[in-house]
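Architecture at a glance
Chain by chain, the residues run as shown.
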Amino acid sequence: MDTTYDVKFWKTSVYEGKKKTTHTVRWELEGKEWRKPFATGPLAESFRSGLLTAARKGVAFSLSTGLPVSHMSRAASVKWYDFAIQFVDQLWERTSANNRRNVAKALTPVTIALLRSQPTAFKGVDVRRALREYAFNTLKRDQAPPEIAVILRWLQRNSLSMDAWEDESVVETALRAAATKLDGTPVAASSVRRTKRVLNVLLEYAIKKKVLKENPLPKGKGASTTASKTSSAVDKRSLLNSEQAAKLLGWVYGRPRGGRRLHTFFAAMYYAGARPEEVVAIVVGDVRLPDAGADDQWGELLLHTAHPEVGKQWTSTGEVREHRGLKGRAADDTRTVPCRPALTRILRAHIEKEGLKPGDLLMQGEKGGDLAGSVIRRAWRRARKEVLTTYEFGTPLGRRVYDLRHTCLTNWLNAGVPAATVAEWAGNSVPVLLATYARCIDGQLDDLKHRIEQAGELPDPAAPRT
């Protein structure tokens, strides 16, 4: 905390307005004037007397608040930078790698906004990288290279204290920074919401630690930021019809390098609706397939593990993918998904061709281990470019690998599978499922129109009366 003993006091100024009189206490710290207005003279003199008493006792004055250290709350004695790091460290061991990364991304622009002056001596991209990859990474902070360490020391020295959150204008500045990229363009609304969630947790933690008395983030309808609104519903334009899906997966199958392996991965998403991180985590023993000669070729996939790709700097093991339970479920929970005959044939052929054993991963990279996300995304981009027309390629049609899951779940709903069943197979709650896919459900439209017509219509007023 920056303090000074260089303090001067001025006489209390009095302003007599038409409606009221204002008494303003004035004092100076290292050449900077501070003011505090009061409604009455006795209140002003009492406050001024307190400042004089502190100065006579040799109490230091804060350069950030203008007040004696003895008058300040605990928030004034704790820097935002230091508290944000404390928050990250206490969260590290009990949260997922993906959440660690999201917390670091959320705190980075806010930390830059809570500086006494902007770091013009360093490049903006270097400052953000120093915060995101080192300051807010518990494992890598002490491994920061010299040039990064210099940036971090400057940031720590120039950080505002936690009492800055008591100023509404500072809160607005921090939220505005969270909604803006380095180039000044707005970030996605979903990112703004995620940042606010992180800040809410941090500020509640500050209240628990008695650093702040209340959460300063705005609540209710007036709490919206300047970021554009977004919808959680799936864009219907991103869904693939059966012909388009067949062409894309057919091109991947014919790919010279790893085509059949990748085809199996994409087919599992298209037919079983599993998330990418769930498909790469399936082991052969969890694939329940009927005998090749059985009349009923429906099988089952038992999902219980996910391997999300978050980057080795965020995982406790140093691996690119984190091994964890299913999204939104207890650590040991499982989910069973039906395996339709078309997928049964693909998986059986894949297991036989690769010579896989029950304990092996179903989807493996060329050298074994988890299938790399970069390989998956690169193959899908190439397939879209080769198969789709120029117009289709420029649209949201199948733009993300995840759109295969969206297509599968939409197909199930349009086929008349009850929403509760689809939600169970997909690993979603029913409300989330319906909110996400409501715009895509149209399989029963003709039947619904017929039912509406059966309710009858009003008589035509132009028709002759009998």
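Structural data are supplied above this passage.
Residues numbered from 1 in each chain as written. Predicted model: local features only at pLDDT ≥ 70, side-chain atom pairs only at ≥ 80, totals over all residues. Heavy atoms only, no water.

**Re the overall build of the chain**
- Secondary structure assignment for the chain yields 17 helices and nine strands.
- Here the C-alpha radius of gyration of the chain, 31 Å, is well above what a compact globule of 466 residues would show, namely 23 Å.
- For the C-alpha atoms alone, the extent of the chain along its principal axes is close to 100 × 85 × 45 Å.
- By the burial criterion, 44% of the 466 residues in the chain qualify as buried.
- Counting only contacts in the chain whose residues sit at least 6 apart along the sequence, the fraction spanning at least 24 positions is 65%.
- Total accessible area on the chain stands at roughly 25,900 Å², and carbon and sulfur atoms take up 51% of it. (Helix = DSSP H or I, 4+ residues; strand = E, 2+ residues; numbered from the N terminus. Rg over C-alpha atoms; globule rule 2.2 N^0.38 Å. Buried < 20%, exposed > 50% of the residue type's maximum accessible area, 1.4 Å probe, protein only. Contact = heavy atoms within 4.5 Å. Areas by Shrake-Rupley, 256 points an atom, 1.4 Å probe, with all protein chains shown as cover.)

**Section: empty space enclosed by the protein**
- For the coordinates displayed, the defined rule picks out two cavities of 30 Å³ or more.
- Along the walls of the largest cavity sit V88, L91, W92, T95, R100, V103 and F136, which together make up its complete lining.
- When residues of the lining of the largest cavity are traced back to their parent elements, those giving at least two are α2 (80–92) and α3 (97–113).
- For the lining of the largest cavity, the class distribution of residues is five nonpolar, one polar and one charged.
- The computed volume of the second largest cavity comes to approximately 30 Å³.
- For the second largest cavity, the full set of lining residues is E278, A281, I282, D286, L302, L303, H304 and T305.
- Residues that form the lining of the second largest cavity fall into these classes: four nonpolar, two polar and two charged. (1 Å grid on protein atoms, 1.4 Å probe; cavity = no way out; pocket = protein on both sides within 12 Å on 5 of 7 lines; lining within 4 Å. Points joined across faces, edges and corners; volume = space filled by probe spheres on them. Nonpolar A, V, L, I, M, F, W, Y, C, P; charged D, E, K, R; others polar.)

**Describing the side chain of N215**
- In this structure, N215 sits in the loop between α7 (189–208) and α8 (242–253).
- At 2.9 Å, the side chain of N215 forms a polar contact with the side chain of N200.
- Not counting chain neighbours up to four residues away, the residues in contact with N215 comprise N200, L203, E204 and I207. (Polar contact = N/O pair within 3.5 Å; in protein donor to acceptor, adjacent residues only side chain to side chain.)

**Points about the sheet that holds strand β9 (residues 335–339)**
- Taking strand neighbours across the sheet as the criterion, the three strands line up as β7-β8-β9 in an open arrangement whose pairing is antiparallel. Whereas interior strands pair on both sides, the edge strands pair on one side only; in this sheet they are β7 (287–288) and β9.
- As paired elements, β7 and strand β8 (residues 299–303) share two bridges and run antiparallel to each other. Considered in β8, the bridge of R288 is made with E300. (Pairing = 2+ DSSP bridges.)

**Concerning the side chain of S96**
- Of note, S96 is situated in the loop between α2 and α3.
- In contact with S96, not counting residues within four places along its chain, are E322 and R324.

**Let's talk about the pairing of β9**
- For β9, a buried count of four out of five residues is recorded, marking the element as mostly surrounded by other parts of the structure.
- Bridge analysis of β8 against β9 gives five bridges, and the strand direction is antiparallel. Looking at the pairing, L303 lines up with R335 of β9.

**Observations regarding the state of the cysteines**
- Counting across every chain of the model gives zero disulfides.
- Free of any disulfide, C408 has its nearest neighbouring cysteine sulfur in C339, separated by 11 Å.
- The structure places no disulfide on C440, whose sulfur is separated from the nearest cysteine sulfur, that of C408, by 13 Å.
- Looking at C440, the relative accessible area reads 2%, which means it is buried. (Disulfide = S-S within 2.5 Å.)

**Thoughts on the environment of A419**
- Following the sequence through the fold, A419 ends up in helix α15 (residues 419–426).
- Once the C-alpha coordinates of A419 and G355 are considered, the two residues, 64 residues apart in sequence, prove to be 38 Å apart.
- Filtering out sequence-adjacent residues up to four positions away, A419 remains in contact with L413, V430, L433 and L434.

**Digging into the pattern of salt bridges**
- For the coordinates displayed, the defined rule picks out 14 salt bridges.
- Put simply, E354 and R261 hold a salt bridge, and the shortest N to O gap is 4.0 Å. Within this pair, whereas E354 is found in helix α11 (residues 341–354), its partner R261 is found in helix α9 (residues 259–272), the two being separated by 93 residues in sequence.
- Taking relative accessible area as the criterion, R261 reaches 17% and is therefore assigned buried. (Salt bridge = Lys/Arg side-chain N within 4 Å of Asp/Glu carboxyl O.)

**Focus on unusual backbone geometry**
- A positive phi angle is found at E30, which is not glycine, with a value near 50°.
- Residue placement: E30 occurs in the loop between β4 (21–29) and β5 (32–38).
- Its identity as a non-glycine residue notwithstanding, K210 has a phi of 60°, on the positive side.
- Within the element layout of this structure, K210 appears in the loop between α7 and α8.

**Section: the pairing of β4**
- Within β4, seven of the nine residues are buried, which leaves the element mostly enclosed by the surrounding structure.
- Judged from the three bridges that link them, strand β2 (residues 7–9) and β4 form a sheet pairing that is antiparallel. Its bridge partner being in β4, V7 is matched across the sheet by L29.
- Judged from the four bridges that link them, strand β3 (residues 13–16) and β4 form a sheet pairing that is antiparallel. Each bridged residue has a counterpart across the sheet, and for Y15 the counterpart in β4 is T22.
- Between the antiparallel neighbours β3 and β4 lie four residues.
- Where β4 meets β5, seven bridges bridge the pair, whose relative direction is antiparallel. Each bridged residue has a counterpart across the sheet, and for L29 the counterpart in β5 is K32.
- Count of turn residues in the β4/β5 antiparallel hairpin: two residues, of which E30 carries a positive phi of about 50°.

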